[in-house]
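Given next are the chains, with one letter for each unit.
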Amino acid sequence: MTAIVHTPAELTAALGSTSPLVLVPTMGALHEGHLSLVREAKKLGGPVVVSIFVNPLQFAPGEDLDAYPRTLEADVALLDNEGVDAVFAPSAATMYPNGPRTTIHPGPAGAILEGASRPTHFAGVLTVVAKLLSLTRATDAFFGEKDYQQLVLVRQMVDDLNLPVRIHGCPIVREDSGLAMSSRNRYLSEDEARLAQVLSRALATKDLAQARSLIDATPGVDLDYLALTTPDLEPAGADDAGPKRLLVAARVGTTRLIDNVAV
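What you are looking at is a predicted structure, and each value in this text was computed from that prediction instead of being measured.

*Asks:* Quick question: what am I supposed to make of the sheet that holds strand β3 (residues 48-52) here?
*Replies:* Where strands meet in a sheet, backbone hydrogen bonds hold them as pairs that are either parallel or antiparallel. Here we have six strands laid out as an open sheet, ordered β1-β4-β3-β2-β5-β6, and parallel in their pairing. At either end of the open sheet lies a strand with only one pairing partner, and these are β1 (3-5) and β6 (166-170). Averaged over all adjacent pairs, the angle separating strand axes in this sheet is 25 degrees, with direction ignored. Where β1 lies against strand β4 (residues 86-88), three bridges are found, and the strand directions are parallel. The residue bridging A3 from the neighbouring strand is A86, located in β4. Its contacts with the sheet put helix α3 (residues 72-81) on β1, β3 and β4, and the angle it makes with β3 is roughly 165 degrees.

Below you can see the structure in the form of structure tokens.
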């Protein structure tokens with residue numbers, strides 16, 4: 001049965017000082033995308049811990065911190081069914097006992113795309129990820145490619161700060177409609193969910209101009225950015241050699257959605 005713990009001491013009591021230990025960091029409101037990370041994590045053979053913490057540090061004033069779905073009981077039931085060893089569900093006081101005094105600056109790659117729209121976001125993300133890795137003593141951590149810029153920055157942080165953890169990226173899981181699975185999809189009305197399908201259709205063209213035309217031709221979808229980059233988020237041209245990434249962010253109604261695809 002999955003142990004539910006709220007402090008690092010409780011986690012150690014539940015699992016002991018085991019190594020390897022695999023972490024799947026989440027903010028809860030779990031869906032099939034999260035569970036796919038859990039299944040990949042279990043393949044490593046060590047104990048799997050899923051953290052559930054809605055991190056206030058990555059929400060700017062006016063964003064959806066208070067409205068963000070919190071479904072701990074349902075989340076634990078899903079994770080218990082997957083055979084997760086422990087759920088680490090700390091309080092804000094446990095994570096930030098002295099307040100957010102020290103944060104991790106994401107550097108130039110954190111100031112573009114999502115960082116341009118949400119300038120404080122990635123400092124909050126990297127800080128909480130670093131703390132979760134430290135508090136759990138994880139040797140491996142799994143992240144989804146849906147938050148592609150986040151994955152790039154977490155890898156950058158681990159490399160630059162010589163953190164003793166391996167970061168694993170896993171493919172995007174999509175709904176039958178093609179919409180990338182996200183905890184925020186539950187905010188969408190039926191009509192908005194249909195409109196949002198244009199994002200995955202646009203990315204499927206793997207062409208910047210075609211993707212922009214499709215999105216621009218869809219009333220009710222407010223494009224934030226559409227960008228073609230290298231895998232490391234450097235600007236890229238359509239004729240540049242090598243692998244690339246096509247990334248999009250848009251608002252559908254009041255809900256902000258992101259998606260991306262390898263090119």
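*Asks:* Would you take a moment to explain the domain arrangement of the protein chain for this structure?
*Replies:* The extent of an interface is frequently quoted as the accessible surface area lost upon association of the parts. Per the domain assignment, the segments of the protein chain are domain 1 (3-170) and domain 2 (185-262). For domain 1 versus domain 2, the distance between C-alpha centres works out to 25 Å. Contacts between the two partners involve 19 residues from domain 1, matched on the other side by 14 residues from domain 2. Interface area for domain 1 against domain 2, summed over the two sides, is near 1400 Å², with a carbon-plus-sulfur share of 55%. On the domain 1 side of the contact with domain 2, L113, E114 and Y148 bury the most area, a combined 43% of that side's loss. Counting across the domain 1 and domain 2 interface gives two salt bridges. E145 is paired through a salt bridge with R245; the nearest N and O atoms lie 3.1 Å apart. At the junction of domain 1 with domain 2, the criterion picks out nine residue pairs in polar contact (both at pLDDT 80 or more). Those elements that place two or more of their residues in the side of domain 1 that touches domain 2 are α5 (114-117) and α7 (148-160).

*Asks:* Just checking my understanding: could you explain the UniProt feature "binding site: beta-alanine" (unreviewed entry) in the protein chain for this structure?
*Replies:* Per the UniProt record, "binding site: beta-alanine" (unreviewed entry) is found at Q58. Within the fold, Q58 resides in the loop between β3 and α3. Reaching out from Q58, the side chain makes a polar contact with the side chain of N55 at a distance of 2.9 Å.

*Asks:* What is the right way to look at the pairing of strand β2 (residues 22-26) in this model?
*Replies:* On any regular strand, side chains alternate: one points to one face of the sheet, the next to the other face. Most of β2 sits inside the fold, with five of its five residues counted as buried. Pairing of β2 with β3 involves five bridges; the strand directions are parallel. Considered in β3, the bridge of T26 is made with I52. Where the polypeptide runs from β2 across helix α2 (residues 32-42) and back to β3, its parallel neighbour, the crossover connection is right-handed. Pairing geometry for β2 and strand β5 (residues 140-144), over two bridges, is parallel.

What counts as what
Residues numbered from 1 in each chain as written. Predicted model: local features only at pLDDT ≥ 70, side-chain atom pairs only at ≥ 80, totals over all residues. Heavy atoms only, no water. Pairing = 2+ DSSP bridges. Helix = DSSP H or I, 4+ residues; strand = E, 2+ residues; numbered from the N terminus. Axes fitted to C-alpha atoms, helices over the stretch in contact; angles between N-to-C directions. Contact = heavy atoms within 4.5 Å. Domains from an automatic or database assignment. Buried area = accessible area lost by both parts, 1.4 Å probe. Salt bridge = Lys/Arg side-chain N within 4 Å of Asp/Glu carboxyl O. Polar contact = N/O pair within 3.5 Å; in protein donor to acceptor, adjacent residues only side chain to side chain. UniProt positions renumbered as here; feature names shortened; annotations may be inferred. Buried < 20%, exposed > 50% of the residue type's maximum accessible area, 1.4 Å probe, protein only. Right-handed = clockwise from strand over helix to strand, strands pointing away.

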